[in-house]
Amino acid sequence: MAPLIILALYSLMFLLIKLVVPLEMSDEVRLVFNIVGGIGVLVLPIVIYSFIDFKLTQRAVNVVGKNWCQVHDKQFNKVDMHKNHFTLVYQEGNKKARKKFRVRFILTTWFVKSVEWLDK
């Protein structure tokens, strides 16, 4: 899934540049366009993919946190994302409690393969 998204983003950028290239421009404008357009074609799909990856990962771990809270009869608050783990924040009575976990995804997708709950 991820390689398909990256390929689609680069294809879209290629088509966008292909539409603009035939336009008449002076040499100076063409030079600026080639520099800025070249950098944009290389960097913009990576930035867009990073945003898509972040949102899909966030959605998947929120589902894991909500399912845990539903099974254990707790009130879901949020899931914090850290460098190498996630932290489920939930309400236990009037105080907030935290539970750390790791998620393993199926390769190049955002489908959860396994969840490992960590001890403090």
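Numbers given to residues run from 1 along each chain, matching the order in which its sequence is written. Totals for whole chains, interfaces and linings use all residues, but because this is a predicted model, local features are given only for residues with pLDDT of at least 70 and pairs of side-chain atoms are given and counted only at 80 or more. The side-chain quantities take in all heavy atoms of the structure and omit both hydrogens and water.

**Concerning the pairing of strand β4 (residues 112–117)**
A regular strand places its side chains on the two faces of the sheet in alternate fashion.
Moving on, step 1. Here 5 bridges tie strand β3 (residues 95–105) to β4, and the two strands are oriented antiparallel to one another. When the sheet's bridge partners are listed, R104 is paired in β4 with S114.
Moving on, step 2. The turn joining β3 and β4, which pair antiparallel and follow one another in sequence, is formed by 6 residues; a positive phi near 60° is taken by T108. DSSP-based pairing: two strands are paired if at least 2 bridges between them are found. To qualify as a helix, a DSSP run of H or I must reach at least 4 residues; to qualify as a strand, a run of E must reach at least 2; elements of each kind are numbered from the N terminus.

**Regarding the side chain of T87**
Moving on, step 1. With respect to the helices, strands and loops of the structure, T87 is situated in strand β2 (residues 86–92).
Moving on, step 2. Of the polar contacts made by the side chain of T87, one reaches the side chain of H82; its length is 3.0 Å.
Moving on, step 3. Beyond its immediate stretch of four places on either side in the chain, T87 contacts K78, V79, D80, H82, R98, K99, K100 and F101. Each polar contact in these results corresponds to two N or O atoms within 3.5 Å; when the atoms are within protein, one needs to be able to donate a hydrogen and the other to accept it, and residues that are neighboring in sequence are counted only if both atoms are side-chain atoms. Contact criterion: two residues are considered in contact whenever any of their non-hydrogen atoms come within 4.5 Å of each other.

**Some words on helix α2 (residues 27–71)**
Moving on, step 1. With 45 residues, α2 should reach 66 Å at 1.5 Å per residue; the first-to-last C-alpha distance of 65 Å fits that figure.
Moving on, step 2. Bend angle per residue: angle between axes fitted to the 7 residues ending at that residue and the 7 residues starting there. A bend of about 35° at V41 is the largest found in α2, and the proline P45 appears one to four places after it.
Moving on, step 3. Buried residues of α2: F33, G37, P45, Y49, T57, A60, V61, V64, G65, W68 and C69, and no others.
Moving on, step 4. Of the surrounding elements, those touching the buried residues of α2 are α1 (2–20), β1 (75–81), β2, β3 and β4. Any helix carries an expected span of 1.5 Å times its number of residues minus one. Accessible area is worked out with a 1.4 Å probe on protein chains only. A residue is then buried under 20% of its type maximum, exposed over 50%, and partly exposed in between.

**Quick look at α1**
Moving on, step 1. Between its first and last C-alpha, α1 extends 28 Å over 19 residues, near the 27 Å set by a 1.5 Å rise per residue.
Moving on, step 2. Three or more residues of α1 are buried, namely A2, I5, L9 and M13. Each buried residue of α1 lies within a common arc of 70° when the element is viewed along its axis, so the set occupies one face. Along α1, exposed side chains directed more than 90 degrees from the buried face belong to L4, L7, F14, K18 and L19.
Moving on, step 3. Lining the buried residues of α1 we find α2. To be clear, the arc concerns the directions from the helix axis to the C-beta atoms.

Note that all results are geometric; they support no functional claim without further evidence.
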